[in-house]
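Structural overview for review
Below, each chain spelled out in residue letters.
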Amino acid sequence: MSLTAAVVVAVLFGAGVYLLLGRSLSRIILGLVLMAHAANLLLMVVGGAGRPPLVGEFEQGEKVADPLPQALALTAIVISFGVTAFLLALARRSWVLSRDDRVGDDVEDRRIVGVADRWLARRWRRER
């Protein structure tokens, strides 16, 4: 893998993770799309350059591209398209219901954390 391709993949993954950690649904979707593109680029770079596999006859010593990373990249493209379409549908539904793009806090999760904290405090007092 060339250094340029490695840097591009690293930047795409980094930008994707940064966007994924935001509270906005549009940023989350863009982060996942960037990470999917980075994964596809990584798979294509790993496959190497060369003549396409299974096309014509090959001469002795001619370099042939590995078909497995190409098949994995095609599969990853289809899966990322489906996930992106699903996330866009969820984001649209969220926008229709709340007219807001931000992901809110989960009230039930905070309640469970409070119950666990109280249980741990009681147990700690009993052990002392």
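Please refer to the structure placed before this passage.
Given the structure is predicted, the values throughout are model-derived calculations rather than measurements.

**Notes on the packing of helix α1 (residues 3–20) against helix α2 (residues 25–47)**
Contact geometry for α1 and α2: axes closest at 7 Å, N-to-C directions at 160 degrees. One finds that α1 runs roughly antiparallel with respect to α2. The interaxial crossing formed by α1 with α2 has left-handed handedness. For the pair α1 and α2, the contacting residues are Ala5, Val8, Val9, Leu12, Phe13, Ala15, Gly16, Val17, Tyr18, Leu19 and Leu20 in the first and Arg27, Ile28, Leu30, Gly31, Leu32, Leu34, Met35, Ala38, Ala39, Leu41, Leu42 and Val45 in the second. Across the contact of α1 with α2, the residue classes tally to 20 nonpolar, two polar and one charged.

**Remarks on a nonpolar patch on the surface**
Taken together, the side chains of Leu20, Leu32, Ile79 and Val83 make up a nonpolar region of the molecular surface, amounting to roughly 300 Å² of accessible area. When you line up the elements, Leu20 lands in helix α1.

**Side note on the environment of Asp100**
Structurally, Asp100 can be placed in the loop between α3 (67–98) and α4 (107–127). Distance in space between the C-alpha atoms of Asp100 and Ser24 is 8.9 Å, their sequence separation being 76 residues. Non-local contacts of Asp100, meaning those with residues more than four positions away in its chain, are made with Ser94 and Trp95.

**Examining the pattern of salt bridges**
The tally for this structure, following the rule as stated, stands at one salt bridge. Glu108 is the salt-bridge partner of Arg111, the closest N and O atoms lying 2.6 Å from each other. Taken together, the residues Arg111 and Glu108, both in helix α4 and three residues apart, mark about one turn of the helix. Given the relative accessible area of 48%, Arg111 is considered partly exposed. You can call Glu108 partly exposed: its relative accessible area is 39%.

**Remarks on α2**
Compared with the 33 Å implied by 1.5 Å per residue over 23 residues, the 33 Å span of α2 between its first and last C-alpha is a close match. Turning to α2, its buried residues number three or more, namely Leu25, Ile28, Ile29, Gly31, Ala36, Ala38, Asn40 and Gly47. Looking at the buried residues of α2, the elements they touch are α1 and α3. After α2 finishes, the residue Gly48 shows a positive phi value of roughly 80 degrees.

What counts and how
Residues numbered from 1 in each chain as written. Predicted model: local features only at pLDDT ≥ 70, side-chain atom pairs only at ≥ 80, totals over all residues. Heavy atoms only, no water. Axes fitted to C-alpha atoms, helices over the stretch in contact; angles between N-to-C directions. Helix = DSSP H or I, 4+ residues; strand = E, 2+ residues; numbered from the N terminus. Parallel < 35°, antiparallel > 145°, perpendicular 65-115°, else oblique. Left-handed = near helix turned anticlockwise from the far one by under 90°. Contact = heavy atoms within 4.5 Å. Nonpolar A, V, L, I, M, F, W, Y, C, P; charged D, E, K, R; others polar. Patch = residues over 30% accessible without salt bridge, like charges linked within 9 Å, V, L, I, M, F, W, Y side chains within 5 Å. Areas by Shrake-Rupley, 256 points an atom, 1.4 Å probe, with all protein chains shown as cover. Salt bridge = Lys/Arg side-chain N within 4 Å of Asp/Glu carboxyl O. Buried < 20%, exposed > 50% of the residue type's maximum accessible area, 1.4 Å probe, protein only. Expected span 1.5 Å × (residues − 1).

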